[in-house]
Structure formats: structure tokens, C-alpha cells
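Residues per chain, in single letters:
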Amino acid sequence: MPIRTASARWQGNLTEGSGTIRTGKGGLEGNYSFKSRFEEGEGTNPEELIGAAHAGCFSMAFSKALADAGTTPTSVETTAKVHLDKTDAGMTVTRIELDTVGAVPGIDEAQFAKLAEAAKQNCPISRLLSPGAEITLTARLTS
């Protein structure tokens, strides 16, 4: 398997400085700052990128699980809300809320929920993050 890379460059001090985050192949690039991370400033931040990675990984894992069960999805759309909280140890990602909606012909709610939960447990990004952060899942089946 290939090794994936990303890079970041930061200039200046913590509160007044700024930086750029870039994926290795250039697919994503964004500016970030103290304000975009800890306030509501423009730009991205590491937590949004973790959320994007988790939503993407989960959507792919869930699509595979559905197809393996004989119900190939028309679509799976996932949002990840990453909670960055101040703890005794410092700023910490404490919780990630996955919210997924799937258009999957020929499946019932119970099977959909079961496969969604299995995908949450088995996606590589969930496995990476779950020892330190609580991961919750809301899964809705749409027609």
C-alpha cells in the first residue's frame, strides 16, 4: 500500500500567525490560523480535515459493507462533527459525531443500521480515533 503524505507550514506566533495545509498530491490545500481553529475565522483547521477524512473513510467502508451484503447503495453521504474541547490534558478531540444518510434499494432499517455500525467499527480512521475520542453514529435510510 502507498504511504500517504500531507504537509503544513506555519509562520509567526500562535495567535497572530497563519499557515497553509496541503495534501501530498495537491488535492486539498487550505489556509489556517488561530481564528479558523479556535474561533470562527475564515480558513480550515486540522479538526475539519480529520472530519473530512473520517466522513470519507466511513462512507467508503459503509458502501463496501452494503455491497458485500448484496445491497449496493445508490449513495452514502456522511457528515462528521469533530468536537475540540479543553480538558485537563489540554485541547483534545473528545468526540466525533458521524451522521450518514444512505439511499439503498432493497434493504430494511434494521440491516441498514447493523451494517452502518459495523462500518463505524471497521473503518481505518474510526479505528485510529476511537481509543481517544468517543465516536457516535446516526444512520438514516432514505428512498
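Our subject is the structure listed above.
Report follows, based on the coordinates. These figures come from a predicted structure and were not determined experimentally.

Let us now look at the pairing of strand 5 (residues 90-103). Of the strand pairs in this sheet, strand 4 (residues 75-87) and strand 5 are connected by 13 bridges, and their pairing is antiparallel. By the bridge assignment, Thr79 is partnered in strand 5 with Asp99. The hairpin turn running from strand 4 into strand 5, its antiparallel successor, is two residues long. Here strand 5 runs beside strand 6 (residues 134-142); their pairing, made up of nine bridges, is parallel. In the sheet register, Asp99 faces strand 6, and the bridge partner there is Thr138.

Another aspect to go through is the sheet that holds strand 3 (residues 29-33). Across the sheet, which stays open at both edges, the three strands sit in the order 1-2-3 with antiparallel pairing between neighbours. Each edge of the open sheet carries a strand with a single partner, namely strand 1 (6-11) and strand 3. Across the sheet, the mean angle from the axis of one strand to that of its neighbour is 20°, orientation sign disregarded.

Conventions and cut-offs
Residues numbered from 1 in each chain as written. Predicted model: local features only at pLDDT ≥ 70, side-chain atom pairs only at ≥ 80, totals over all residues. Heavy atoms only, no water. Pairing = 2+ DSSP bridges. Helix = DSSP H or I, 4+ residues; strand = E, 2+ residues; numbered from the N terminus. Axes fitted to C-alpha atoms, helices over the stretch in contact; angles between N-to-C directions.

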